[in-house]
Structures are given as C-alpha cells and as structure tokens.
Amino acid sequence: MAAASRLSTRVLLVCAAIGVATGLLTVVAGYVSAPVWAILPIVYGLVLGAHVVPGVIAQALLRMPWVALVTHLLAGIVASAFAPQWVGRYLGMALLVGGLQEGVAALTRYRHWEGWRFFISAVVVGAVLIVGMGFALDAGKLAPWAVTVFYALLILGPVLWTFVGLAIGSGLRRAGVARTTVGARG
Amino acid sequence: MTPLASGAPDGPGAPAPLARVRNLAVRHVGARTASPAGATLEIRPGEVVLLLGPSGSGKSTLALTLNGLIPHAVPAEVTGTVEIAGLDARTTPVSVLSTHVGMVFQDPDAQLVTGTVLDDVAFGPENLRLPVDEVLARSENALRRVGLWERRAENPDRLSGGGRQRLAIACALAMGSPLLVLDEPTANLDPAGIEDVYVALHDLVRHPDGTPRDHAILLVEHNLDAAVMLTDRVVVLDAEGRTIADGPVDEVLRGRAEELHAMGVWLPVSTLAALRLRRAGWVFDRLPLTPDELRAAVTAVPGPASAPRVVTAPVTAGEPVVEVRGLTLRRGRREVLHDVDLTVRAGEFVAVVGANGAGKTSLVQAIAGVVPVPRGTVRVGGADVARTDARSLSRRIGFVFQNPEHQFIAHTVFDEIAHGLRRQKLPDAEVHARATEVLRRFGLEDSAEQHPFLLSGGQKRRLSVGTALVAGAPVLVLDEPTFGQDRARAEELLRLLRELQEAGTTIIVVTHDMHLVTEYATRTVVLAEGRVRADAATADVFADEALLRAAGLRLPPLRQALRGVSHAALRGAIRLADLPGGAA
Amino acid sequence: MSVAADPYAEVAASRRFLTGLNPLAKLAGPLPAILLLVFVRDLATPSVFLALGYVVILTGARLTRTVALILGVALPLGVVVFGVGMSVWIDASRIDRSVEVVSIGAWTLYGGALEIGFATSLRLAAIVALALIAGLTTTGPDLVRASVQQLRVPYRVGYTALAAFRFVPRFRHELDIIRQAHRVRGAHGGRFGVVARWWGYVVPLLAGAIRHAERVALAMDARAFGAFPDRTERHLVPFGVRDVVFLAACWLVSAAVFVVLFPWTLG
Ligand SMILES: Nc1ncnc2c1ncn2[C@@H]1O[C@H](COP(=O)(O)OP(=O)(O)OP(=O)(O)O)[C@@H](O)[C@H]1O
Ligand SMILES: Nc1ncnc2c1ncn2[C@@H]1O[C@H](COP(=O)(O)OP(=O)(O)OP(=O)(O)O)[C@@H](O)[C@H]1O
Ligand SMILES: [Mg+2]
Ligand SMILES: [Mg+2]
C-alpha cells in the first residue's frame, strides 16, 4: 500500500467522508439485512450489492488510483469503531469489494472512467460473491430455481447499486463538489 | 494599545521579520482574476497585525499562502514573494513552514483530529517526530496558556465553542511557531465564546502588565469590536486585494476611517458611531475605537446642542399571527421548553436570543411546525400547527435553516423557487411568472439556470429566503441566518429582511449577534433554560445589563459605550440609526 | 447493532485477558478456523467452534449488556430462525426424506432439510461467534494503532480513520437537519416518495461532508501531518508474549478440532 501514502491528505479525508456518509445512508441496508437473511435469504444479493457504493462514488468523483480501496477501508474501520462486534465482517467486505474495484480500475490502467468500466467491476464483484456465498450457504443443496435466483441477484445487486453510485457521483460533480481536489485531472 | 514602530523600513537593530509578503498575487484554479492581486505586508516578532479588506479581497487566501497550504495543498497560481523566516513559502514544504506559522481556522470542529484534548494538542508535535517528553512538555505548556490543562483528558466535543477554539489555538502553539495566523476565529461563536477566545489571545501576546510577549499574530477578523483592543498594526487590502494601508492602529483606523468605511471595510461599531456623530457636529480629536473610548469622548465634551433624540413610537403591530400558549416541549428524554407563552403580531420583527442550549431553535421550530407540538399550544394565522398538514402550513409560515444548502432540493435555481408553486398545483404560466418575479426581487435572475450549490454564499442565502417566501407565507422564521458569515453579508441579509418587513411580512430571527438584534429587531425575546426571561421592545431589553448577563448574553458595543451617558441626543440610543448625523 | 456513544472511549480497564491483548492477535487467532468453517458441512464442527467462541468470550471479556444480549439472545435466535428459513429452500429431491416434520398441502418439510438448514445456520453462527472475540473487546483507536504499528498500514491512512470517527456524529446530525429541512419544504410526495426523498438527501449530505473533510485536511496539513515517513507514537499497542501465546493456542486448538472431527471425506 506504499502508493496509498502518496495520496494527499485532502484526498484521504474526502475518501473518509464519502465512506462515512454513504455508511449513514446505507444504515437501512444494515437493518434489513438480518430479517432478509432470516426470511428470504435468496434475495440477499440485492442487499449485499449496496457494499459497492462507496468505492463507485469515490472513483466516479476523484478518478484516481487507490481511492476505491482506501474509501472502503476507511469506511470499514470507522464502522468497526461504532459497532465493534462486526469488525471482521466490515473489514473483510471492505478489502474484498474495494480490492476488486481497485483491481479492475488498475487493469484498465486508471484510464477508463466510463460507465461500462464500473459495470464490469460490478459483475466481477458479483461473481466473487457467488463463489463465497455459494460455499457459505451450501447453495448446492438448494432447489435449482432458488439457486438461480440467488446467483442472479448476487450479480444484479452490485450492478444496480453501481448505477446508483454513478448517479450520485454525477450529481456531486454537477454541484461542483471537490473540484479542486480533483485538480488537474478535472 | 502599544503601537510599535513597524511598517518602517528595517533599521539597524530592528528584529528580522517573521513573515515578509511582497506583491503577492494568487489566482485560484478556475478563477479568472487573482485575489489578492498585489498584497504587501511584514510581520515582526511580538506584533499583532490585523488584516482588513472587503469580502473576496483575498484575506483568507493570503493567510493560506503563509504556511504554504497554497499552493501545496490548494492548487493555485502564485506570483510575488512570500518569505517565512527567510524561507520561500512557495517551495518550502508545509511541514517545515508549520513550525514557523501556526494556523487557526474559523470552524473549531474542522480542526479536531483525535479523541482527547491532550491527544489533539500532541498531534502536531508527534507529526514532527519529537521525542515523547518534548511532545508532552509542549502540549502541557500550550494547554496551560489557553487554560485547558485541567480538561486534558476530556473529549473535545464536551468543550464549549469558545473552549474548542482555544484548543485550536493551543494546537497551533504546540507546533512551536512564533507566528500565529487566525482567520475569523470567532465567526462561529456566541458572545461568551468570543470573549473567551479574546481573553486567551490577550494573555498570549501581553504580559499581565501590558508589555508585549514574543508571539506575533496575524488576525483576519470581521468582528473588530473585539479585535482592536489587541491590535498593534493594521493592514488593509482593497477590493482587488492590493495593500492600500499599512501602519499603526492610530494612523490607519483612526486616521483613514472615512475612506475605509466607504470602501466597504467593516469598522468597530464605536468608530461608526463616532463618524456619524461627527457629521452631526461633534468634534473628536482622536476617533474612538472601543466603547470605553467612545464613552470617554462623548462625556468629555458637551457636544453640539442638538435636539433630544426623538423616540420613534413602536410600529403599531397588527393582528396576532403567531400565538404560543403554555408550550412545553420534550426532545428525547429532556424537557427543553417549559410552559412558554408568546404572541407575535403581524408586521413585527422579533429577535429570539439566549445562550447556547437555551431552547431558541426548539421554540422557533415548534412555531413553524418543524418539530411536532402538542395540540392547541401553537397557532399560526389562526390554525393549530399540530393539526395542519405540511403543505398548508408552508403557505402560512416559512422556515429558513441555518445552512441554506440543507434546504435545496432541485438542480437549478429556477426549479428551486418554482417547487413551492408547483406543489400548489398552479398552472405552468403562473408558476413561471411568479418564480421569475421572485428571482428578480432577490437579484438572482441571471443565475436562474445554475445549480444552487454553485451560487456564492450571499446568493445562496437570498435563494433560501426566496424559497420560503414564494408560497406566499406572511410569516418568515430564520434560525441563525448570520452564523459563520461576515458582518457585511449579515447586514445585507438583515436589510433584505427589513425590506420584507416593511412590505408586510412578519419576521422572527434567532441570532447570537447582539449588534444586529439591536439594529433591526423591534422586539426581543430572551430565552434562558427553556423559559422566556424577557419579552419587550428591543431598547428596553438592552437597557437591563444584569438580565442580559444572567441569560449568558453581552451588551452590544454601542450600548456599552453609551451606558450612563446623559447627553440628551444620545441617552438610551441602542442603534446607530438612533444617533444624530444620519444622512436623512 | 449497538452504537457506542464515544468511539474513542477506552474499554474500561478490566482484568479479563481479552481486553489486554493486541487487536491483531484477536483477529488473527480465530481466522484460520473461520476460513475453514466456510467449507464444512457437518453439524459437529460448527457446534464445537460455537461453544469454543462462547467460552473464550465469557471468560475473556467483561459481561456487559451488549455482550449478554448478543450471546444470550441475538445469536441463538438467529440460529433457529435462519436454520428453519434455510431448510424451506432446500431441494427435496436430493435429501434424506425418511422423517417428515411438517406437511402443508403438497409441500413437506423433511428432517433431512432441517439438518442441512441447521448445519448452515450453525456454521454461520460459529463464524460470527469467533469474529466476536475481537469485536467485543477491541476499540477503534486501538485497532487503528495496531494496524499502523504492526501491519505497516500507512499511518496517514490510520490517522485519517481516527479523524473520521468524528464525522459519524456530525454527519448523522447533519442528515437529521437535512431531513427536517426537506420536510418543511414538502419535498417529494407520491408513490415513490420514500425513494425520491432519500435520493434528495444524498447530494446535500455528501456535499457538506466532503467540504468539511477538505477543511479538516487543511487543518491537519497545517500541523505537519505526513511530514515524515513515521511519527512519534505515544500510545503503543505492543505485540507481546501474551499475544503470541494466544495466537498459538487458537491455532493449535483449531487444528486439533479439525483433525479430530475431520469433517471432510477424502477422495
Ligand atoms: N478554493 C478556491 N477555489 C477557487 N476560488 C477560490 C477558492 N478560495 C477562494 N476563492 C476565490 O478567491 C477570492 C478570494 O477569496 P478569499 O476567501 O481569500 O477572500 P476573503 O478576503 O477571505 O473574503 P471573506 O472576507 O469573505 O472571507 C474569492 O473571489 C473567492 O471566490
Ligand atoms: N433532537 C434533540 N434531542 C434531544 N435533545 C435535544 C435535541 N435538540 C436539542 N436538544 C436539547 O434541547 C436543548 C435546547 O436546544 P436548542 O437547540 O433549542 O437550543 P438553542 O438555544 O437553539 O442553542 P444554540 O444556541 O446552541 O443553537 C439543548 O439542551 C439541547 O441539547
Ligand atoms: Mg475569508
Ligand atoms: Mg439553535
């Protein structure tokens, strides 16, 4: 993470603000996740997908290397401080989703910030979630149609939430937020 | 006041300047012109320099160049020279400059990093990799100097606004910098907090016997009534940001007051009062700068024999439009208002004042139906607020929040205004006509298609007032509309409110600025601990200093100055407009 | 989800051993077991780890209300509800159908489905219990300091997180005010009212948040933040003998459980 230390203080704090503010807005997702798990586990993908939002906003707004991972990490640490019992869950999700978003952006050499690039990240995140959740839930034993819905929603969730994140990012740009933080990259 | 022989060229033996700025011009990214555009000033050890200039002249920008935040952290094009202790501030890293220049900003909350008072002060020295002993020694010393050592283990959130700003000063001191730069350090504070900060600053630069200590201060401040008592030298920027005056307080503030006033530079209220009196024929050898000086000056000479002050009869107010009866309000588990009664009549301009936590916000929010109230306790325009739905309530009363941005819901200025009309299901043509009319009235027609967030601070405020009025509400409530703003912008807003009042709107404002209260409000309601302590004509409320102090308030400067003055034309005056010498 | 009022508050000094351990030891100790549990399918292994998790927490942490509620109510309830909930979705054609538990019309809940459902829910509960060992006894600042001091996370990232703890109450308050302000203006009714309303809060909240963050960044830069590759640490979070012992014990016990119960079939 040596390169992350080259991010300016300003960028770091903006990432933190994005992480905390989206965290507050998705508190709802936290509250619904327990009942969803209990009653309708196969639609969990839609709830889980919300985890992509901070990274999408950070990348859409700042368009720089490292910001997705750093935003997720900071959001995870802050959330852990307020609900320490979930520290493992927060940090795990942050590293997983942030790492994937960062990786996809890095593979396109941080040159592509069009919508399609974000949706590729979303699908990759969904695919990795399918593998992880598949094992955790022992999905092979579920009824075939249930597995299909479950997997489809695990892909659809991140895609839908990526769409939301991109819309927030363009809303912020229109409102002139963080213009000089973006600096020369404008 | 000990004006030092500064501003003079370096003579032999004169201490080397801590900061030397020559022809500084800064152009922000995206800005067309530079501001400041040619600022020149010097700061020597032990000096307190006050930097004045109209809004937008680049005072904050100049302050940020002194420790290299511009251009290192905030991108901008910088020309001219900025030398700090002989180092070029444009090329020296911020971390090196930070040991020479300490910064204190406007918002105390934006300067807190860690969880306790002590950790926060230690944060800077730790970044400098000082050994732990040295970090602790510096932190203790800094905290003792601002009187916070005893509270070092507390979470800074528990300090008052003034306390947090003193903490910010301690943080700057702990960097070991001989020069302290403060940019409007009291703009976010209530009267007690402002006093608190200035007492601390005074201790910092003066020994108890009044001789200067070794710290130098550059102060950017709109609240000159508090600042002049501390100042040695004044530097004035013009609207473009060129230095047009640099000299001892006497020479600049007393000598060129008329000129500065005409430029839009804010002056101490006592000086403004004296300028006005001078026009009425009073003679001042030395223009007064503080309430004490003004009182001494007007009691020393008999003054021209002008007619006794005509006490204008209070505007005869109309029907009651807001009636609060026996309002007891709970928030969370606490009862924050106890059995409050209040009547506001049509056409009044009422100020609600009181210390932090007195319940001002709760009261006005209850009146406007922002928070739920018990049935039958609040009536607006005859309707019970508890039983009225939001849409019809917005036609009776408009509420303006402290931060205009919180209230914006549309993507253009026009839609923002039109929203309230569209909600009433008016035909498009009428929406367009009425919205355009409001935009014109508030001077926003050129920005109709802009995003509301891209307006300037003053424009945002006007827009938020416009959105509250467009639905046709005859009553307008504003919660601390002048918080964090400079005096000039605050004046602009209050003048706008007065125009609205003269056109028949009833105005209720919550504010901490006693000067503005006395200038504009016809009636003042003092709250203390959830109860109404006083409710009377503004002049009567401000005649009772004991009452004000008990409610955690302070006398406004003019009232302080004229306390006990018996001259017929001045007795009982509380507003500048009450003084003889007005233009009309 | 309980919310601590002051994320900076030290965990009340306690003689219980978990509070004195390095947060990283508490995170890394149960980690291998957590990862392996994902691939386990039986009932016994998760039950053993669930019990182990309870024992460590009950002996090592102070029994506060939060701890009692989580261990005594939330987790057991979760196991039951989720176990039943899962078994409903199990494909009946691939399981042991010798025991019928409930029968509603054409649909039957078999004992085999319940078994699989509960294996899954116990597995998840065991994972949660093991993660709680660190979660219930660690403070945010200690976690940050340990990450900086032992994991070499750049301290600028760590201290940014410390500064960001302050954002939480501030932004929450700001969100409350924005909601009030929008309500006064009667923003967005209609069928999609809730969505439209929340959508309206997003830009004001984030815009204010980012602007505040930029001001905090200036104040931190003005105090030489990031001047050197490292900084003086007054609060050390050492990784000592106790931590090594705890870590080794965790790993040994985990290994022993997996070896004895060996929940996989080879080949
Ligand atoms: N970060 C920035 N990016 C772009 N323009 C800026 C930035 N900060 C300030 N400006 C512009 O530079 C000019 C000078 O602003 P500055 O804040 O220094 O004025 P000021 O004298 O401190 O005013 P005030 O009395 O209102 O605080 C203004 O026109 C302002 O709009
Ligand atoms: N939402 C709330 N929940 C619980 N208590 C509250 C809430 N809002 C305000 N209070 C409490 O009610 C009391 C009165 O608060 P209020 O905001 O009305 O005071 P104020 O006079 O406006 O103060 P300030 O000058 O700081 O704005 C305070 O003690 C405050 O802590
Ligand atoms: Mg300024
Ligand atoms: Mg208030």
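Source: prediction; values computed, not measured. (Residues numbered from 1 in each chain as written. Chains lettered and ligands numbered in written order. Predicted model: local features only at pLDDT ≥ 70, side-chain atom pairs only at ≥ 80, totals over all residues. Heavy atoms only, no water.)

It is not clear to me how the UniProt feature "transmembrane region" (unreviewed entry) in chain C should be interpreted in this structure. Could you clarify?
Residues and elements named next belong to chain C. Mapped onto this numbering, the UniProt entry annotates "transmembrane region" (unreviewed entry) at residues 33-57, 69-90, 110-136 and 244-266. The span residues 69-90 is 91% helix and 0% strand, and its two end C-alpha atoms sit 30 Å from each other. In this annotation, residues 110-136 is assigned 93% helix and 4% strand; the end-to-end C-alpha distance for the span is 37 Å. (UniProt positions renumbered as here; feature names shortened; annotations may be inferred. Helix = DSSP H or I, 4+ residues; strand = E, 2+ residues; numbered from the N terminus.)

What is the right way to read the interface of chain C and chain B from this model?
Interface size is often expressed as the accessible area that is lost when the parts come together. Taken together, the contact between chain C and chain B spans 43 residues of the former and 56 residues of the latter. Regarding the contact of chain C and chain B, the summed buried area is about 4,300 Å², with carbon and sulfur atoms giving 55% of it. For chain C, the biggest contributors to the area lost against chain B are Arg-185, Arg-223 and Arg-234 of chain C; these three give 22% of the whole. Inspection of the region where chain C meets chain B yields eight salt bridges. (Contact = heavy atoms within 4.5 Å. Buried area = accessible area lost by both parts, 1.4 Å probe. Salt bridge = Lys/Arg side-chain N within 4 Å of Asp/Glu carboxyl O.)

Help me understand the domain arrangement of chain B in this model?
All names here are of chain B. Under the domain assignment used here, chain B contains domain 1 (19-266) and domain 2 (320-557). Each partner contributes to the interface: domain 1 provides 12 residues, whereas domain 2 provides 14 residues. Of the roughly 1,200 Å² buried between domain 1 and domain 2, counting both surfaces, carbon and sulfur atoms make up 54%. Contact with domain 2 buries area across many residues of domain 1, yet Asp-190, Pro-191 and Trp-266 alone supply 41% of it, more than any other trio. At the boundary of domain 1 and domain 2, one finds one salt bridge. In this structure, Glu-195 and Arg-554 form a salt bridge, with 3.0 Å as the shortest nitrogen-oxygen distance. Seen at the junction of domain 1 and domain 2, the total is one residue pair in polar contact (both at pLDDT 80 or more). Sorting elements by how many residues they give to the side of domain 1 that touches domain 2 places helix H7 (residues 191-205) first, with three residues. In terms of residue class, the side of domain 1 that touches domain 2 is made up of four nonpolar, five polar and three charged. (Domains from an automatic or database assignment. Polar contact = N/O pair within 3.5 Å; in protein donor to acceptor, adjacent residues only side chain to side chain. Nonpolar A, V, L, I, M, F, W, Y, C, P; charged D, E, K, R; others polar.)

Even after reading the chapter, I still don't get the nonpolar core, so can you show me in this structure?
In this structure, Leu-172 of chain A, Leu-476 and Leu-497 of chain B together with Phe-167 of chain C are the most contacted members of the largest nonpolar core, which totals 117 residues. In this structure, Phe-167 of chain C is in contact with Leu-13, Ala-16, Ala-17 and Val-20 of chain A together with Arg-172, His-212, Ala-213 and Val-216 of chain C, ignoring residues within four places of it in sequence. In terms of nonpolar packing, the next biggest core, distinct from the first, is built from 69 residues, Leu-159, Cys-171, Leu-267 and Ala-573 of chain B among them. (Core = buried A, V, L, I, M, F, W, Y, C linked by side-chain atoms within 4.5 Å. Buried < 20%, exposed > 50% of the residue type's maximum accessible area, 1.4 Å probe, protein only.)

Which parts of the structure should I look at to understand the site of ligand 1?
All names here are of chain B. Surveying the vicinity of ligand 1 reveals 13 residues, the closest of which are Ser-55, Gly-58, Lys-59, Ser-60 and Thr-61. Separating an oxygen atom of ligand 1 from a side-chain N or O atom of Ser-60 is a distance of 2.6 Å. Isolated, ligand 1 exposes 640 Å² of accessible area, and the fraction of that covered by the protein chains is 64%. Tallying contributions element by element places helix H1 (residues 59-66) first for the shell around ligand 1, with three residues. Counted by class, the shell around ligand 1 contains one nonpolar, nine polar and three charged residues. (Near = heavy atom within 4 Å. Areas by Shrake-Rupley, 256 points an atom, 1.4 Å probe, with all protein chains shown as cover.)

What am I meant to see in the sheet that holds strand E13 (residues 349-353) of chain B here?
In sheet architecture, strand pairing relies on hydrogen bonds along the backbone and comes in two forms, parallel and antiparallel. All names here are of chain B. Read from one edge to the other, the open sheet built from six strands follows the order E16-E17-E18-E13-E19-E20, with strand pairing classed as mixed. Each edge of the open sheet is held by one strand with a lone partner, namely strand E16 (397-400) and strand E20 (531-537). Strand-to-strand twist in this sheet, taken as the mean axis angle between neighbours without regard to direction, amounts to 15°. Relative to strand E18 (residues 506-510), E13 runs parallel, the two sharing four bridges. (Pairing = 2+ DSSP bridges. Axes fitted to C-alpha atoms, helices over the stretch in contact; angles between N-to-C directions.)

Which parts of the structure should I look at to understand a positive patch on the surface?
Residues and elements named next belong to chain B. Among the surface-exposed residues, Arg-391, Arg-395, Arg-396 and Lys-425 lie close enough to one another that they form a single positively charged patch. Its place among the elements puts Arg-395 in the loop between helix H14 (390-394) and E16. Owing to a relative accessible area of 40%, Arg-395 belongs among the partly exposed residues under this scheme. (Patch = residues over 30% accessible without salt bridge, like charges linked within 9 Å, V, L, I, M, F, W, Y side chains within 5 Å. Lys, Arg positive; Asp, Glu negative; His and termini not counted. Charge placed at Lys NZ, Arg CZ, Asp CG, Glu CD.)

Any chance you could explain the packing of helix H8 (residues 167-184) of chain C against helix H9 (residues 193-221) of chain C here in plain terms?
Packed helices, taken two at a time, are described by the angle between their axes plus the distance between the axes. Residues and elements named next belong to chain C. Between H8 and H9, the least distance of the axes is 10 Å, while the angle of their chain directions is 140°. Comparing the axis directions of H8 and H9 gives the class oblique. Two packed elements cross with a definite hand, and for H8 against H9 that hand is right-handed. Contact with H8, carried on its side by Phe-167, Arg-170, Phe-171, Glu-174, Leu-175, Ile-178, Arg-179 and His-182, involves Trp-198, Gly-200, Tyr-201, Pro-204, Leu-205, Gly-208, Ala-209, His-212, Ala-213 and Val-216 of H9 and no other residues of that element. Counted by class, the contact of H8 with H9 contains 11 nonpolar, four polar and three charged residues. (Parallel < 35°, antiparallel > 145°, perpendicular 65-115°, else oblique. Left-handed = near helix turned anticlockwise from the far one by under 90°.)

Can you walk me through the site of ligand 2 in this structure?
Residue and element names in this part refer to chain B. Inspection of the region around ligand 2 gives 14 residues, with Arg-334, Gly-357, Lys-360, Thr-361 and Ser-362 positioned closest. Here an oxygen atom of ligand 2 and a backbone polar atom of Gly-357 are 2.7 Å apart. Notes on ligand 2: free accessible area 640 Å², of which the protein chains cover 64%. Of all the secondary structure elements, the ones that give two or more residues to the shell around ligand 2 are strand E12 (334-345) and helix H13 (360-367). Broken down by element, the residue count for the shell around ligand 2 peaks at three residues, all from H13.

Whenever I open this one, the sheet that holds strand E1 (residues 19-28) of chain B confuses me. Can you help?
Residues and elements named next belong to chain B. Read across the open sheet, the four strands follow the order E2-E1-E4-E5; overall the sheet is antiparallel. Strands with a single pairing partner mark the edges of an open sheet, and in this sheet they are strand E2 (39-43) and strand E5 (87-88). The strands touched by H1 are E1, E2 and strand E4 (76-84); relative to E1, the strand with the most contacts, the crossing angle is about 120°.

Please clarify how the interface of chain C and chain A should be interpreted in this entry.
Taken together, the 62 residues of chain C in the interface contact 59 residues of chain A. Summing both sides of the interface, chain C and chain A together bury roughly 5,500 Å²; the carbon and sulfur share of this comes to 78%. In this assembly, chain C and chain A are joined by two residue pairs in polar contact (both at pLDDT 80 or more). At 16 residues, H9 of chain C tops the list of elements feeding residues into the side of chain C that touches chain A.

Whenever I open this one, a nonpolar patch on the surface confuses me. Can you help?
All names here are of chain C. Taken together, Leu-69, Val-73, Leu-77, Val-80, Val-81, Val-84, Val-88, Val-99, Val-101, Val-102, Ile-104 and Trp-107 make up a surface patch of nonpolar side chains, about 990 Å² in accessible area. Mapped by element, the contributors of at least two residues to the nonpolar patch are helix H4 (65-88) and strand E1 (100-104). Considering every element that reaches the nonpolar patch, the biggest residue donor is H4, with seven residues. Structurally, the position occupied by Val-102 is in strand E1.

Even after reading the chapter, I still don't get unusual backbone geometry, so can you show me in this structure?
A negative phi holds for most residues other than glycine; trans holds for most peptide bonds. Residue and element names in this part refer to chain B. Looking along the chain, the bond that leaves Ser-35 and enters Pro-36 is cis, with omega of 5°. Among the structural elements, Pro-36 can be located in the loop between E1 and E2. At the junction of Ile-70 and Pro-71, the peptide bond is cis and its omega measures out at 5° in the coordinates. Of note, Pro-71 is situated in helix H2 (residues 69-72). Positive phi, normally seen in glycine, also occurs at Asn-23, with a value near 50°. Looking at the element boundaries, Asn-23 is found in strand E1. Looking at Asn-23, the relative accessible area reads 51%, which means it is exposed. Here Glu-184, not a glycine, exhibits a phi torsion of approximately 45°, which is positive. One can find Glu-184 in the loop between strand E7 (179-183) and H7.

Even after reading the chapter, I still don't get the domain arrangement of chain C, so can you show me in this structure?
Residue and element names in this part refer to chain C. You can read the domains of chain C as domain 1 (17-138 + 239-261) and domain 2 (143-223). The largest contributions to the domain 1 side of the interface with domain 2 come from Pro-23, Leu-24 and Phe-239, which together make up 72% of the buried area. Put simply, domain 1 and domain 2 have zero salt bridges between them. On inspection of domain 1 and its partner domain 2, the count reaches one residue pair in polar contact (both at pLDDT 80 or more).

Looking at this structure, how should I read H9 of chain C?
For the α-helix, the turn length of 3.6 residues means that residues three or four positions removed from each other point alike. Its 29 residues give H9 of chain C an end-to-end C-alpha distance of 43 Å, which sits within 8% of 42 Å, the value for a rise of 1.5 Å per residue. Here H9 of chain C lies mainly inside the structure; 21 of its 29 residues are buried. (Expected span 1.5 Å × (residues − 1).)

Honestly, the pattern of salt bridges in this entry has me stumped. Any pointers?
Pairs may arise between side chains of opposite charge once their charged atoms sit close together. Residues and elements named next belong to chain B. Summed over all chains, the structure comprises 44 salt bridges over all chains. Arg-286 is paired through a salt bridge with Asp-250; the nearest N and O atoms lie 3.5 Å apart. On the criterion of sequence distance, the pair formed by Arg-286 in the loop between helix H11 (269-279) and helix H12 (291-300) and Asp-250 in helix H9 (residues 249-254) is long-range, its members being 36 residues apart. For Arg-286, a relative accessible area of 48% gives the class partly exposed.

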